[in-house]
Each structure stands twice: as C-alpha cells, then as structure tokens.
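Breakdown of the fold
Below are the chains, spelled out letter by letter.
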Amino acid sequence: MGFRLGRRSFLALAAGAGATAVGAALFGGSGIGDRRPGSAAAATASSGVRSSGGLLQLDLVAQETAVQIPGGPATALTYNGLLPGPLLEVEPGDRVRIRLHNRLDRPTNLHYHGLHIPPGGNADNVFLSVAPGATQDYGFTIPTDHPAGTFYYHPHRHGTVADQVFGGLGGVLIVRGALDRIPEVQAAREQVLFLKDLPGEGGIFAMGAGMGPGRMLGREGPVLTVNGQVNPSLAIPAGGLVRLRIVNGSNARFWRLALEDHPFHLIATDGGALAEPVELRELLLAPGERADVLVRGDRQSGSYRLLNLPTVRGGLGMMGGMGPGMGMGPGWRGGRGRGGFPDGESAAVIATLAYEGAVALLPLPSRLLPVAPLPEPARTRRFVLDHGMAPGMGMVFLINGRAYEHGRVDTRVRLGDTEEWEIVNAGVMDHPFHVHINPFQVVSRDGRPEPFLAWKDVVIVRAGETVRIRTRFADFAGRTVYHCHILDHEELGMMGVLEIA
Ligand code: C2O
Ligand code: CU
Ligand code: CU
C-alpha cells in the first residue's frame, strides 16, 4: 500500500506551494542582550550548544524578536533571538547549567519536557516563576542511565505558557547515548525538524492572547514552519539514510506527516528507542510529541515533498447539534468537516527532501534496544477528561471534574511504585495527555492492546476514547504535573498536580 495523494489534495498543493520560495529563511538572531525586537538572521544548525567536559552551560534569553513571515513583519518570542531556540546536546552523566533571563513583560520559566530529572529545586520545577526582568539559574544532572532521545524545552509558567509557546518559545534537547551508537543509526545523516505553526502578521498579539473560541479549540497559527523556515530543503544521499528527529513544538496543532514515495522507519518515540524499527506511511504528532524516523534514499533521484496532511481533532462545532462520538469512526482522518481549524482541508508542503550525492546502499537496523515491559501495577487510577461551563468564566477544561488549582495536590503516589492509569476522554475534542518526569508505556486503547512497546510521555486520547498507560515513579520524589498538551486547554484548567513521595 503506497502513499497516495487524493486529487483534491494535489489541487490544494498546487495552489499553496508556489506561494513560498523553497528554503526561505524567516527568522534570526539579534544578539544576546538585545532587549528590543532585533534584526533577523537565519537560525541554523550551527546555533547548537554541546556539553563539553561533562558540562552543558549556557544563557537563554527569552525576548521579543522581529521576524519576517509571508505577509509581512511580525513579532515572535524567542530564546537568544533564535527560532527554534538553540539546539542543546548532552550525554548521560552530564551536568546542565542554564541561566534563564526573562526579558518578556510576563513571567516565564523553563520545563525540560521528557527528561527524567528531579521535579523540584532548580531542576525541572514548573512551579518556579521568573518575573519580568529577573534571572533564574537551573541546574541538574542527566542520570547516567538516562535513555538517548529527542527532548524538548519550553516555558511552563501556568497562565503564560500557551501564549509563550504559541508566540515561538521552545527548543530541542538531544540526549546522545546507546541508540546513537547502533552502527546503522550512526551511519544516517541527522536532521532535527522542529515543527511550529506561527501566528500570522502581527504575531501573537494580533491573534488575541485572551479568551475566545480560538482559545477553547486551541489556537493554531497559519504559518507552518520547520526549524523556523517555510519549506526548507533537506538533503539525502542516494542509497543513504537520513534520521529525522521530529518535535511538535506547537501550542495546539496536530501534525500529520507523510513523505512522498518514502515510508518512515520509526526508531524512537518520546522517551527513546524502540526494540526494532516500525514502518509507517504517515506519522501523527500532537503537541509535545517527538519521533525519530529513518528515511531511506532508495528511490529515483529527485525532490520529494514532506507534507502535513489534514487532520481533525474535534471541535466546538460538534458540541451543539452533534453528540459526542458522532463522526468519530475510522473515517475521521481528513474526511470530515473542518471543525473550525484554519487549514483543516488542504495538505501543505512543509519541507522538500532533495537527493544529493550518493553513497553505497546503507541497510536499516534490524534491532534497536530492548524495551522492558513494566511490571504489574500496584494500583490503578482513572482520570476523566472533560469540559464544562463555569459561571462567569465560559468554558473550563477539567480532569475528574476539577480545574487546575495551584497548591492543591490531586494525585499522591508512592516513589518506586508502578501504576496503571486509565485516561477517559468524555469530551468532544481530542486531548494529548502528558505526564512529567517519568515516561510511560501505552497498554491499550479502548481495550485493544497497543501493537508494540514504546516509551511515551504524551499520548493522544481521542474524543470518546479510553487509553490505559503504565508508568513507574522512579528515582525522584517531589511535586510535578500532568496535563493536556494543547496548552490552551492546560491554561483553561486541564492539569493536575502529582505528588511523588
Ligand atoms: Cu511539554 Cu508540561 O509540558
Ligand atoms: Cu512536559
Ligand atoms: Cu486538550
């Protein structure tokens, strides 16, 4: 079964693709220390920072930056004037020291999404608040047995997180380890793809940072960027392999990727390696999700389009006339109405893969790294995701009937325990459920066992669906959170506090 575009999609592509030049660079850096929106220069792979001598040390300046997008100048929020923020690379055992400077006019902080590190102190502490003009030092050690993988840093100050991520803040953190030393993986050319939909002209301030139906759906921006660029060109050698490390850095948008004539060979999910590659025709990533895939340069030399296909994740339009579950059958992918999303019906070219040079034919790995199943759970809990109307507040988003409250502990677990969590989506929108600090394994969806074991920290729970996950609260005690990673939903209440003790 090959990947095929429908005729309608081709027409939409023909209309949309010509509008932007291949590889147009949009964003760039004003230097560290620039307080005002600066001039732009392209963010490139060279803006990375690697640990050396067992230490990763850098300053991150959260600031407004002037950018050019199709349609005109806009303001984005960046780290160090770069979009995405600098690419960070560490190894297990490394120490990390980051000094965050808040040059925004709202409070912020930093979260190290997916890392297994302490949730308190000045490590992955989402309860810290860094005031405008203030500086915060973060420090932690990557555990020596930390899995290799593709992780994601972004702001996590409740009340400003959705605006700041939507405005542009976020970056990729790579942990290098055993997966990267598998010879077939090591032989692949590596490419990070940070997916971000940006607000159009005027930036986030023009999109409205307040309430409104957009906020309830989860705001999606009309400008689709990969590494801060519109339709960049990626090179693959004929016969060779490219490893794409893909991060969905969006506030709310689900990205559904397909590469013309080339399957993806999935080698890692959020939390690291699979046991063996899994071949996929398309890849769906919710906000916060990551995937590492190998692509094989075994087709005719030429250029192939990386597409973002239409997807529907439920919507407010269904809340009146239609009951929950309607239209949620297998045909939901791209086939249904738009549900109020900006580009719900047309595929978009987001990057172009171009054959360049040639190498001797490289094999795919047959084995990766073992994924140990988690033991039987000490207990099972149930989390019901829903929304409701609160007097004077409009729509609120709830977990087990409650909206997030700072300082209230919703779930207490024992350090070292394995638990099974049943996540029930009782609403009419899909919710990507995310847990901090410890990765989990998806056990089943609506009673159907998951086809393969994988380490995840975000799982899409479809409207009406029940997903069971299993996790172990290993190594670190303290308070942290779980929430919907449509960050507008998190802000509107769909988050709970987890205490590990
Ligand atoms: Cu990506 Cu609570 O975060
Ligand atoms: Cu997180
Ligand atoms: Cu949600």
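In this report, we go over the structure that sits alongside the text. All values derive from a computational prediction rather than experimental measurement.

With respect to the side chain of Arg 408
Here Arg 408 lies in the loop between strand 24 (394-399) and strand 25 (411-413). Within the structure, the side chain of Arg 408 is placed 2.7 Å from the side chain of Asp 410, a separation counted as a polar contact. Setting aside residues up to four positions removed in sequence, Arg 408 forms contacts with Arg 402, Ala 403 and Val 497.

A word on the sheet that holds strand 29 (residues 448-449)
Ordered in space as 24-23-26-31-28-29, the 6 strands form an open sheet in which the pairing is mixed. Lying at the two open borders of the sheet, with one neighbouring strand each, are strand 24 and strand 29. Here 6 bridges tie strand 23 (residues 379-390) to strand 24, and the two strands are oriented antiparallel to one another. By the bridge assignment, Gly 388 is partnered in strand 24 with Val 396.

What to know about the side chain of Asn 248
Mapped onto the elements of the fold, Asn 248 is located in strand 15 (residues 241-248). Within the structure, the side chain of Asn 248 is placed 2.8 Å from the backbone oxygen of Leu 285, a separation counted as a polar contact. When residues no more than four places from it in sequence are discounted, the contact partners of Asn 248 are Tyr 152, Leu 195, Arg 253, Phe 254, Trp 255, Leu 285, Ala 286, Pro 287, Gly 288 and Glu 289.

Topic: the sheet that holds strand 33 (residues 495-500)
Reading across the sheet, the 5 strands line up as 25-33-32-27-30 and stay open at both edges, with mixed pairing between neighbours. The open sheet has two edge strands with one neighbour each: strand 25 and strand 30 (458-461). Here the strands of the sheet are splayed against their neighbours by 25° on average, with no regard to which way each runs. When strand 27 (residues 431-435) meets strand 30, the two strands line up antiparallel, connected through 4 bridges. Directly across from Pro 432, in strand 30, lies its bridge partner Ile 460.

About the thresholds
- Residues numbered from 1 in each chain as written.
- Chains lettered and ligands numbered in written order.
- Predicted model: local features only at pLDDT ≥ 70, side-chain atom pairs only at ≥ 80, totals over all residues.
- Heavy atoms only, no water.
- Helix = DSSP H or I, 4+ residues; strand = E, 2+ residues; numbered from the N terminus.
- Polar contact = N/O pair within 3.5 Å; in protein donor to acceptor, adjacent residues only side chain to side chain.
- Contact = heavy atoms within 4.5 Å.
- Pairing = 2+ DSSP bridges.
- Axes fitted to C-alpha atoms, helices over the stretch in contact; angles between N-to-C directions.

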